[in-house]
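Tertiary structure, described
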Amino acid sequence: MQILPFDNRDGVIWLNGKFVEWRHANVHVLNHGLHYASCVFEGLRIYNGKIFKLDEHTERLFKSAKILDLDIPYNYQEVVDISKQIILKQNISDGYLRPVVWRGSEMMAISAKKGSTNLAIAAWEWPSYFSPKKLLEGIKLNVSKWLRPSPESAPTDSKAAGLYMICSLSKHEAEKLGFDDALMLDYRGYVAEATGANIFFVKENELFTPLADCFLNGITRQTVIEIAQENNIKVHERHFELDFLKTCDEVFLTGTAVEITPVSSIKQFNFEERKLTKFLISEFKKKVTS
Ligand SMILES: Cc1ncc(COP(=O)(O)O)c(C=O)c1O
């Protein structure tokens, strides 16, 4: 499938207070966000023209910015309103919304507190992250050599651009080896998450998911836990090691981009069962379109 480059599309992007022509939504190469990773972002899905969990994502954007010492020069309600306006302007029915916050170009040094904080919000049509065939078959995961850092080593509670460096490296390596994505362990060797999604395991009709103590407690992850609780399905949030996989029947990923995606294998471990995953996918579909 041919993907249009992201800097050469029609439409508008909201940038620092105005809607600007898509191809003109540019920043200077000497900006602090690019050089020193002073940048946070969000990813939201639009279903039938409505943004799913807009409040939760907007709250997380402000929280991430605060953790990185970035002062967004707009208030919460303004960001909510702009998000709604941009999907109307872009006429998006099923798509993706990407707010991004970064420190500007006033200072090119590690210390740059006096630099401006910038905000842009873009939206585009985006059906499914994986092809329908992949979703049916389930995706194949490698196990990355990169470990999710401890909360003492990185701001793991934020959706900070810098945290994605090891995610891209892990996913590139996985794809090079013929996998679709990678499972990442944390600094203690516990199972953590995939490169852009949380992970769940099914064992004897109960759900197991790693305790989100050094990676994002995803909004989709929380929605799946909510669905499970509404349906009397037991959820265990705890630490476990790679060995735990041997005993599992089903595995799936959750995230705004991947939604709920079945996993067919992690390295040599295969997971053919889909019963609970399919049930959760159908309940999730009801929630996002209600
Ligand atoms: C590293 C990582 N973990 C987990 C998630 C899932 O979070 P959410 O469900 O809020 O999209 C994402 C996606 O945003 C992510 O990039």
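Residues numbered from 1 in each chain as written. Predicted model: local features only at pLDDT ≥ 70, side-chain atom pairs only at ≥ 80, totals over all residues. Heavy atoms only, no water.

1. Description of the site of the ligand
For clarity, the cut-off: For each residue, the test is whether any non-hydrogen atom lies within 4 Å of the molecule or strand; if one does, the residue is near. N or O atoms within 3.5 Å of each other form a polar contact, as long as, within protein, one can give a hydrogen and the other can take it, and as long as residues adjacent in sequence are counted only when both atoms are side-chain atoms. We get accessible surface area from the Shrake-Rupley algorithm with a probe of 1.4 Å; when it comes to residues, only the shown protein chains can shield them. Any residue that is not Ala, Val, Leu, Ile, Met, Phe, Trp, Tyr, Cys, Pro, Asp, Glu, Lys or Arg is counted as polar, Gly included; the first ten are nonpolar and the last four charged.
Taken together, 13 residues surround the ligand, and among them Lys159, Tyr164, Glu193, Thr220 and Thr256 come closest. Within the side chain of arginine 60, an N or O atom sits 2.8 Å from an oxygen atom of the ligand. Threonine 220 places a polar side-chain atom, nitrogen or oxygen, 2.6 Å from an oxygen atom of the ligand. Contact with the protein chains removes 95% of the 380 Å² of surface that the ligand exposes when unbound. By residue class, the composition of the shell around the ligand is 3 nonpolar, 7 polar and 3 charged.

2. Section: the nonpolar core
Condition: Each nonpolar core is a collection of buried residues, namely Ala, Val, Leu, Ile, Met, Phe, Trp, Tyr and Cys, held together in the definition by side-chain atoms within 4.5 Å. Partly exposed describes any residue whose relative accessible area lies between the buried limit of under 20% and the exposed limit of over 50%, with all areas from a 1.4 Å probe on protein chains only and scaled to the type maximum. Working definition: helices are DSSP H or I runs of at least four residues, strands are E runs of at least two. Numbering for both runs from the N terminus. Each domain's extent is set by a domain assignment, obtained either automatically or from a database. What makes two residues a contact is simply this: any of their non-hydrogen atoms within 4.5 Å.
Judged by nonpolar contacts, the single largest core of 26 residues is most densely connected at Val40, Ile87, Leu97, Leu119 and Ile121. Elements represented by at least two residues in this core include exactly strand S4 (44-47), helix H2 (54-67), helix H3 (76-89), strand S6 (95-103) and strand S7 (117-125). Among the elements that line this core, the one with the most residues is H3, at 5 residues. Structurally, this core is a two-domain feature, drawing no fewer than three residues from each of domain 1 (12-125) and domain 2 (132-289). The contacts of leucine 97, once residues within four sequence positions are left out, are Glu42, Gly43, Leu44, Ile46, Ile51, Ser83, Ile86, Ile87, Ile121, Ala122 and Ala123.

3. Considering the domain arrangement of the protein
Applicable threshold: Accessible-area loss on putting two parts together, using a 1.4 Å probe and summing over both, is the definition of buried area adopted here. Salt bridges are defined by distance alone: a side-chain nitrogen of Lys or Arg within 4 Å of a carboxyl oxygen of Asp or Glu.
Here the protein is partitioned into domain 1 (12-125) and domain 2 (132-289). Using C-alpha coordinates to define each centre, domain 1 is positioned 26 Å away from domain 2. With 20 residues of domain 1 at the interface, the matching set in domain 2 holds 21 residues. The largest contributions to the domain 1 side of the interface with domain 2 come from Phe41, Tyr47 and Arg60, which together make up 33% of the buried area. At the junction of domain 1 with domain 2, the criterion picks out 2 salt bridges. Put simply, domain 1 and domain 2 have 7 residue pairs in polar contact (both at pLDDT 80 or more) between them. Taken together, the elements giving at least two residues each to the side of domain 1 that touches domain 2 come down to strand S3 (39-41), S4 and H2. The residue inventory of the side of domain 1 that touches domain 2, partitioned by class, reads 10 nonpolar, 4 polar and 6 charged.

4. A closer look at the packing of aromatic side chains
Each aromatic ring pair is specified by the distance between its two centres and by the angle formed by the two planes. So the rule is basically this: Only the six-membered ring of Trp is used, alongside the rings of Phe and Tyr, when aromatic pairs are assigned; centres must lie within 6.5 Å, and planes under 30 degrees apart are stacked while those over 60 apart are edge-to-face, with the rest tilted. Criterion for a charge above a ring: Lys NZ or Arg CZ within 6 Å of the ring centre, and within 35 degrees of the ring normal.
Under the definition given, this model contains 13 aromatic pairs. Centroid distance phenylalanine 200 to phenylalanine 252: 5.1 Å. Interplanar angle 5°. Geometry classified as stacked. A residue pair is termed long-range when its members are at least 10 positions apart, and phenylalanine 200 in strand S11 (residues 198-203) and phenylalanine 252 in strand S14 (residues 250-255) qualify at 52 residues. Across the pair, exposure class does not vary: phenylalanine 200 and phenylalanine 252 are buried alike. Taken together, Phe6, Tyr96, Trp124 and Trp126 form an aromatic cluster joined through their ring pairs. In this structure, arginine 9 is placed above the aromatic ring of phenylalanine 6, and the distance from its NZ or CZ to the ring centre is 3.9 Å. For lysine 89, the ring lying beneath its charged end belongs to phenylalanine 19, and the centroid distance is 4.8 Å.

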